[in-house]
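A look at the structure
Residue strings, one per chain:
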Amino acid sequence: MSTDRTEKRRTPRCAIDLFVQEVNGERTFLHPAIDLSADGIYILAQDGRKAVDGGRAIRLEFALPTGLSVETEGRIVHVDDRGGQLGLRIAFQDLPAAARAGIEAFVLETLGEAA
């Protein structure tokens, strides 16, 4: 186990280049995603969200290059400025076990290819 107290990640994370749908009632928003782990995803958005929006659950849908479709809820845990766009770190909530296993396998395979 790492002794680095600044590292908060519990699972490996990899860079990705895909789009995530955020379903909000009758409205659907499409966001580019730039990294992924079995615990969450980092997306870019162009709206007025603030860090205080973190208490709100959001519905997410996306497909991995492997063909795995993921539908889950997440909670915004961090908002930052990423060159004029908002960067949203979203922690998955109630991620189905099969989706978690598929994401973990994808991340590990992607990291292995990058090594």
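No experiment lies behind these values; they were computed from the predicted model shown. (Residues numbered from 1 in each chain as written. Predicted model: local features only at pLDDT ≥ 70, side-chain atom pairs only at ≥ 80, totals over all residues. Heavy atoms only, no water.)

**Quick look at the pairing of strand 2 (residues 27-37)**
A regular strand places its side chains so that they alternate between the two faces of the sheet. Convention followed: What makes two strands pair is DSSP finding at least two bridges between them. The helix count covers DSSP runs of H or I at least four residues long, the strand count covers runs of E at least two residues long, and both are numbered beginning at the N terminus.
Here strand 1 (residues 13-24) runs beside strand 2; their pairing, made up of 10 bridges, is antiparallel. Following the sheet pairing, Cys14 is matched in strand 2 by Leu36. Where strand 1 folds back onto strand 2 in an antiparallel hairpin, the turn is made up of 2 residues, including Gly25, whose phi is positive at roughly 65 degrees. Pairing between strand 2 and strand 3 (residues 40-45): 3 bridges, direction antiparallel.

**Concerning the packing of aromatic side chains**
What counts, and what does not: The rule is short: rings of Phe, Tyr and Trp, with Trp giving its six-membered ring, pair when the centres are within 6.5 Å, and they are stacked under 30 degrees, edge-to-face over 60, tilted in between. Burial classes: relative accessible area under 20% of the type maximum marks a residue as buried, over 50% as exposed, and values in between as partly exposed (1.4 Å probe, protein chains only).
Inspection of the entire model under this criterion finds 1 aromatic pair. Both rings, one in Phe62 and one in Phe92, keep their centres 6.2 Å apart while their planes meet at 20 degrees; by these two values the pair is stacked. Placement of Phe62 in strand 4 (residues 57-63) and of Phe92 in strand 6 (residues 85-93) is noted, with a sequence separation of 30 residues between them. Of the two residues, Phe62 and Phe92, neither departs from the other in class, the shared state being buried.

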